[in-house]
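Coordinate analysis (summary)
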Amino acid sequence: MEAPQQQYSDYQEDGQQQQQEEGEEVAVTYQTLDLLQEHGIAANDIQKLNDAGYHTVESVAHATVRKLSEVKGISEAKVMKLKDIVKTLVPMDFKTAADALEDRKSLVTLTTGSIELDKLLEGGIETGSLTEVFGEFRTGKTQLCHTLCVTCQMSITDGGAEGKAIYLDTEGTFRPARLQEIATRFGMDPAVALENVAYARAHNSEHQMDLLKMAAAIMAQDRYALIVVDSATALFRTDYVGRGELSERQMQMAQFLRQLTRLAEEFGVAVFITNQVVANPDGMSFAKDSTKPIGGNIIAHASTTRLRLRKGRGENRICTVFDSPTLPEADCQFAVGPQGICDATE
């Protein structure tokens, strides 16, 4: 049922040749705020930025002047000085399409555990961007999350990114025992694999936002490769009820997704979120699939790649590329087994 670990690397080659040279490590894509001290910013000002959720030079560069002015103890004059300094440290101007292509070549992808699914995704789940997966219950969304938490720790040549994982659980479906089984399958020490996953249970949508700030703090201290949010929409769906609160819900969800996108760009991690579906009453009852993902246009625009999962025969599941800037619309089959995501069974 499971293929040897080495087989997964065969489908990682196209997008990852640059990383596969001997002894080459994953480059750190961010700069810590300590660097600002060398440019005349006081240590207590850096601490104030840290307390407000800014942990890297990139986070300061990407923030608006208005947002930085809201940080307690940072005057407008200091904000302007900060902006001038970070402009010299973070490239934020135009570059040629040729340079952009070179940058894309160095992107790492994370194997899903299924050869066919990796082929469909042209290597696996892309780092530095946000991937959304949606589908009904029991279609393999959470199992895919668990599998990625382990595969992201593997070496680049084996389809990993040599980094740790962060798991934000909003539905209470996180199971460490499953991580142990998946780690054993890939020839890893289960104890080490568990140590490399930071887990938190979110209890409401505000707590979910706060956890993201904490995630930024711990990611600035170590090499992380993946953030999982399972599910990104469940708590917003229950905290904001009815049409009267719809506008507020969408606004808060947009803020959450913007923060996730910022972390993906800032730390170069893969952000993998799951989404629930709702029955579409407008659809014909005899239509092939009368469900649609919740969150509307807000989540549709925030996600770089959208994948749709459906139930197949037995343990098999079908994954369809629903929306992507690079991948063609296509589908493939994979299976959900006791050791995570694997290839489809006949």
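Computed from a predicted model, the values in this text were never measured in an experiment.

Another point: the overall build of the protein chain. Looking only at helices and strands, the protein chain features 15 helices and 13 strands. The burial tally for the protein chain puts 49% of its 346 residues in the buried class. As displayed, the protein chain offers around 16,900 Å² of accessible surface, 51% of which is attributable to carbon and sulfur atoms.

A word on the packing of helix 9 (residues 141-151) against helix 10 (residues 176-185). Two elements in contact, helix 9 and helix 10, have axes separated by 9 Å at closest approach and are oriented at 55°. Judged on the interaxial angle alone, helix 10 and helix 9 are oblique. Handedness of the crossing formed by helix 9 with helix 10: right-handed. Packed against helix 9, whose contacting residues are Gln143, His146, Thr147, Cys149 and Val150, the element helix 10 presents Arg178, Leu179, Ile182 and Ala183 at the interface. A breakdown of the residues in the contact of helix 9 with helix 10 according to their chemical character gives five nonpolar, three polar and one charged.

This next bit is on helix 14 (residues 246-267). For helix 14, which comprises 22 residues, the first-to-last C-alpha distance of 32 Å matches the rise-based estimate of 32 Å (1.5 Å per residue) to within 8%. Positive backbone phi, approximately 65°, marks glycine 268, located one or two places after helix 14.

Before going further, it helps to spend a moment on unusual backbone geometry. With an omega of 0°, the peptide bond between aspartate 230 and serine 231 qualifies as cis. Note on placement: serine 231 falls in the loop between strand 6 (224-230) and helix 13 (234-239). Its identity is not glycine, yet glutamate 122 carries a phi of approximately 55°, on the positive side. Along the chain, glutamate 122 falls in the loop between helix 8 (115-120) and strand 2 (125-126). For glutamate 122, a relative accessible area of 52% translates into the label exposed. Here the phi dihedral of glutamate 162 falls at roughly 55°; this positive angle occurs in a residue that is not glycine. Its location among the elements puts glutamate 162 in the loop between helix 9 and strand 4 (164-169).

Our next topic: the packing of aromatic side chains. On inspection of all chains with the given rule, the structure shows five aromatic pairs. Note on tyrosine 30 and phenylalanine 267: the rings are 4.8 Å apart at their centroids and 65° apart in plane angle, and the pair reads as edge-to-face. With a gap of 237 residues between them, tyrosine 30 in the loop between helix 2 (13-16) and helix 3 (43-51) and phenylalanine 267 in helix 14 connect regions that are remote in the sequence. With 5.1 Å between their ring centres and 90° between their planes, phenylalanine 134 and phenylalanine 322 make a pair best called edge-to-face.

A separate point is the packing of helix 12 (residues 205-219) against helix 14. Remark: helix 12 packs on helix 14, axes separated minimally by 10 Å, with the N-to-C direction vectors making an angle of 10°. When the axis of helix 12 is compared with that of helix 14, the two are roughly parallel. Contacts between helix 12 and helix 14 pair Gln208, Met209, Leu212, Ala216 and Met219 from the former with Gln255, Phe256, Gln259, Leu260, Leu263 and Phe267 from the latter.

Turning to helix 3, its buried residues number three or more, namely Asp45, Ile46 and Leu49. The arc that holds every buried residue of helix 3, seen down its axis, measures 100°, which confines them to one face. The elements touched by buried residues of helix 3 are helix 4 (57-62), helix 5 (65-69) and helix 6 (76-89). Taken from the residues just after helix 3, glycine 53 is the one with a positive phi, measuring 100°.

Our focus in this paragraph is the layout of surface pockets. Within this model, the second largest pocket holds a volume of roughly 640 Å³. Of all elements in the fold, only helix 4, helix 5, helix 12 and helix 14 reach the threshold of two or more residues within the lining of the second largest pocket. In the lining of the second largest pocket, the residues fall into six nonpolar, six polar and seven charged.

Analysis parameters
- Residues numbered from 1 in each chain as written.
- Predicted model: local features only at pLDDT ≥ 70, side-chain atom pairs only at ≥ 80, totals over all residues.
- Heavy atoms only, no water.
- Helix = DSSP H or I, 4+ residues; strand = E, 2+ residues; numbered from the N terminus.
- Buried < 20%, exposed > 50% of the residue type's maximum accessible area, 1.4 Å probe, protein only.
- Areas by Shrake-Rupley, 256 points an atom, 1.4 Å probe, with all protein chains shown as cover.
- Axes fitted to C-alpha atoms, helices over the stretch in contact; angles between N-to-C directions.
- Parallel < 35°, antiparallel > 145°, perpendicular 65-115°, else oblique.
- Left-handed = near helix turned anticlockwise from the far one by under 90°.
- Contact = heavy atoms within 4.5 Å.
- Nonpolar A, V, L, I, M, F, W, Y, C, P; charged D, E, K, R; others polar.
- Expected span 1.5 Å × (residues − 1).
- Phe/Tyr/Trp six-rings, centres within 6.5 Å; stacked < 30°, edge-to-face > 60°.
- Arc of directions from axis to C-beta.
- 1 Å grid on protein atoms, 1.4 Å probe; cavity = no way out; pocket = protein on both sides within 12 Å on 5 of 7 lines; lining within 4 Å.
- Points joined across faces, edges and corners; volume = space filled by probe spheres on them.

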